[in-house]
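Listed below, chain by chain, are the residues.
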Amino acid sequence: MEARRTLWFTILIGTVLCGCSTVNVYKEADGLFVAGNYKGAADRVRTAAEPKIESSHLLNWLYMGSGDFASGNHPATVADFTAAESCLKLQNMQFLGGAFSGSDYLARTYDETMMNFYQALSFLAGGKVDRARVEFNRVVERQGRAAKRNEAKIAEAKAAAAKAEKARSKKTDGNKIIADASCPGIDELEKELAQWSPYADYMNPAAVFMSGAFMLLWGEDSSDYEHGLTYFKRAAGMQPSSAAHKAIEILERKASGHAMPGDRDFVLVLFENGMAPEKEEIRKEIIIPYRYPIHAGISMPKLVHRGGAHERLSLWDGGNALGATEMVCDFERVVAKEFAEEFKWESRKAYLAAIVRIGIQIALMEVERAQLDRQVKEGKMSPFARDLTLAASGAVLSAVCSATMGSDLRMWSTLPKNFQAAIVPKPQGGVLSVKDASGAASIAEVQLPKDGPSFVYLKLPTAANQATVFTANGRKE
């Protein structure tokens, strides 16, 4: 009877120690988004989360914003991201003041830049050029603050890891046993992350490219043209493309007062292609030299590639090929940069926390073993029954911990795999035909104004989706 009470006490303690994993609604919204039900994706989060202007609701507003944007509801998009901006301000105040809850989703730098990026595009879709200019300015400002903010995030993770290390160093029987524990799986994941070739300094080339595109299409004077040149040169430095180089040539002529007719009458196409990486849970075993079965594992998030809708899009004027889109930003690399930096410390923190929990489990097992040894000595239990009870305790405790162990897989996953762009002459017939890479399948027929430059935006999460398309007229000179 005493052994049975000890077993259930151990199970209860194990449940508390190991915590629990949660299923979130974001996976469901992501699935609706991939299927092309953009409004449904936004409504799913809206109904389930009932979002408020609180720092803990930031990710809800981001998901709703991307769903409303893809569905073409630009007023709702602006409202969603305005709310997200308010949540972000609260989050930053809490984070920098040390009051941020570790269980809440903490915004990534690319979350911030894409929030302003989509607002800017929605304002362009609504013809509000001045409002779009403000949002692109915010995009640039956020890029400049990226390194400082992420230094603070990393410092927090380091502090948590140091705290876990201190707990591990306490001289207990459990900690003596786990002193030589190791988890080679973490090193394997870090090596795999390096293959994603992250961009440097948390930069988002798409945001920089479009900041330049705004100056190309809506710039008003030589100062705007010079700023546009700076943005395009920076974007080309991170992700070389003929679109960026063509824009640089046009802006250089405009800045010097030697613009050509074609510099005033072109189409800039931006193609948002595929789906960004998502996180999946992966479990790695911790090697522990202990005599009884004890769950010794760690749960970590892993980035997983997702497909693009098309390799590229071809652009046509009737039967005449005008050009094709090419990558201006591999957004997977943008996501990988922040994930890799976080992983270095989050994995260490999770590993050390797991080691501490395992040490406590072992200590509990040793207490139980001592109690059972006394019963064997007093003739109340056979050695075989003792060993069987200990094995059962270890197995049940391991099962409880394994079942309740989980990773935080939250991320804004309804972003694209990559951004592509092209600058082509304006079709003489006034209609830009957008087709797949081979030119065989039609994607969209876009009506353009006769005079002045034009901006065409297309979004396709998968080849099976109908393209989200809008156009905006550039500034006539």
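Cut-off values and rules
- Residues numbered from 1 in each chain as written.
- Predicted model: local features only at pLDDT ≥ 70, side-chain atom pairs only at ≥ 80, totals over all residues.
- Heavy atoms only, no water.
- Helix = DSSP H or I, 4+ residues; strand = E, 2+ residues; numbered from the N terminus.
- Buried < 20%, exposed > 50% of the residue type's maximum accessible area, 1.4 Å probe, protein only.
- Areas by Shrake-Rupley, 256 points an atom, 1.4 Å probe, with all protein chains shown as cover.
- Axes fitted to C-alpha atoms, helices over the stretch in contact; angles between N-to-C directions.
- Parallel < 35°, antiparallel > 145°, perpendicular 65-115°, else oblique.
- Left-handed = near helix turned anticlockwise from the far one by under 90°.
- Contact = heavy atoms within 4.5 Å.
- Nonpolar A, V, L, I, M, F, W, Y, C, P; charged D, E, K, R; others polar.
- Phe/Tyr/Trp six-rings, centres within 6.5 Å; stacked < 30°, edge-to-face > 60°.
- Lys NZ or Arg CZ within 6 Å of the ring centre and 35° of its normal.
- Pairing = 2+ DSSP bridges.
- Salt bridge = Lys/Arg side-chain N within 4 Å of Asp/Glu carboxyl O.
- Expected span 1.5 Å × (residues − 1).
- Core = buried A, V, L, I, M, F, W, Y, C linked by side-chain atoms within 4.5 Å.

> Let's hear about the overall build of the protein: which residues, and what values?
The helix and strand inventory of the protein stands at 14 helices and 11 strands. Here the protein, with 477 residues, has 53% of them falling under the buried criterion. Summing over all exposed atoms, the protein offers an accessible surface of approximately 20800 Å²; the carbon and sulfur share of this is 54%.

> Please set out the packing of helix α3 (residues 38-49) against helix α4 (residues 58-70) residue by residue, giving values where relevant.
Running from amino to carboxyl end, α3 crosses α4 at an angle of 155°, the nearest separation of the two axes being 7 Å. Considering their axes alone, α3 and α4 lie roughly antiparallel with respect to each other. Relative to α4, the crossing made by α3 is left-handed. Together, Tyr 38, Lys 39, Ala 42, Val 45, Arg 46 and Ala 49 of α3 and Asn 60, Tyr 63, Met 64, Gly 67, Asp 68 and Ala 70 of α4 make up the contact between the two elements. Residue composition of the contact of α3 with α4, by class: seven nonpolar, two polar and three charged.

> Now, about the packing of aromatic side chains: what can you tell me, with residues and values included?
For the coordinates displayed, the defined rule picks out 19 aromatic pairs. On the numbers, 4.9 Å between centres and 25° between planes, the contact of Tyr 26 with Tyr 63 is stacked. With Tyr 26 in helix α2 (residues 26-34) and Tyr 63 in helix α4, the pair connects residues that are 37 residues apart, well separated along the chain. Residue Tyr 26 shares its accessibility class with Tyr 63, and that shared class is buried. Arranged with centres 5.6 Å apart and planes meeting at 45°, the rings of Phe 136 and Phe 214 form a pair that is tilted. Of this pair, Phe 136 sits in helix α7 (residues 129-168) while Phe 214 sits in helix α10 (residues 205-218), placing them 78 residues apart in sequence. Like Phe 136, the residue Phe 214 is buried in the burial classification. Above the ring of Tyr 199, the side-chain terminus of Arg 333 is found at 3.9 Å from the ring centroid. It is Lys 435 that lies over the ring of Trp 316; its NZ or CZ is 4.9 Å from the centre.

> Summarise unusual backbone geometry; cite the residues concerned and give the values.
One non-glycine residue, Glu 50, adopts positive backbone phi at about 45°. For Glu 50, a relative accessible area of 54% translates into the label exposed.

> Report on the pairing of strand β5 (residues 320-324), specifying residues and quantitative values.
Where strand β4 (residues 314-317) meets β5, four bridges bridge the pair, whose relative direction is antiparallel. Directly across from Ser 314, in β5, lies its bridge partner Ala 324. The hairpin formed by β4 and β5 contains two residues between the paired strands, and Gly 318 there has a positive phi angle of roughly 65°.

> Now, about the pattern of salt bridges: what can you tell me, with residues and values included?
Applying the stated rule across the entire model yields 24 salt bridges. Residue Asp 30 pairs with Arg 306 through a salt bridge whose shortest N-O separation is 2.7 Å. Of this pair, Asp 30 sits in helix α2 while Arg 306 sits in the loop between β3 (297-304) and β4, and the two are 276 residues apart along the sequence. You can call Asp 30 buried: its relative accessible area is 6%. By relative accessible area, which is 13% here, Arg 306 ends up buried.

> Talk me through helix α12 (residues 242-255); I want residue IDs and the actual numbers.
The terminal C-alpha atoms of α12 lie 20 Å apart, and with 14 residues this matches the ideal 20 Å at 1.5 Å per residue to within 8%. Of the residues making up α12, those classed as buried are Ala 243, Ala 244, Ala 247, Ile 248, Ile 250, Leu 251 and Lys 254. Here the buried face of α12 lies against α10, α11 (222-238), β1 (266-273), β6 (326-330) and β7 (418-425).

> Quick one: what's the story with the nonpolar core, residue by residue and with numbers?
Leu 121, Phe 209, Ile 286, Phe 331 and Phe 455 are the most contacted members of the largest nonpolar core, which has 103 residues in total. The leading source of residues in this core is helix α13 (residues 331-377), at 13 residues. Those residues within four positions of Phe 455 in sequence are excluded, and the remaining contacts are Leu 121, Met 210, Leu 217, Trp 218, Leu 268, Leu 270, Phe 470, Thr 471 and Ala 472. Listed in part, the 17 residues of the second largest apolar core include Val 434, Leu 448, Leu 458 and Leu 460.

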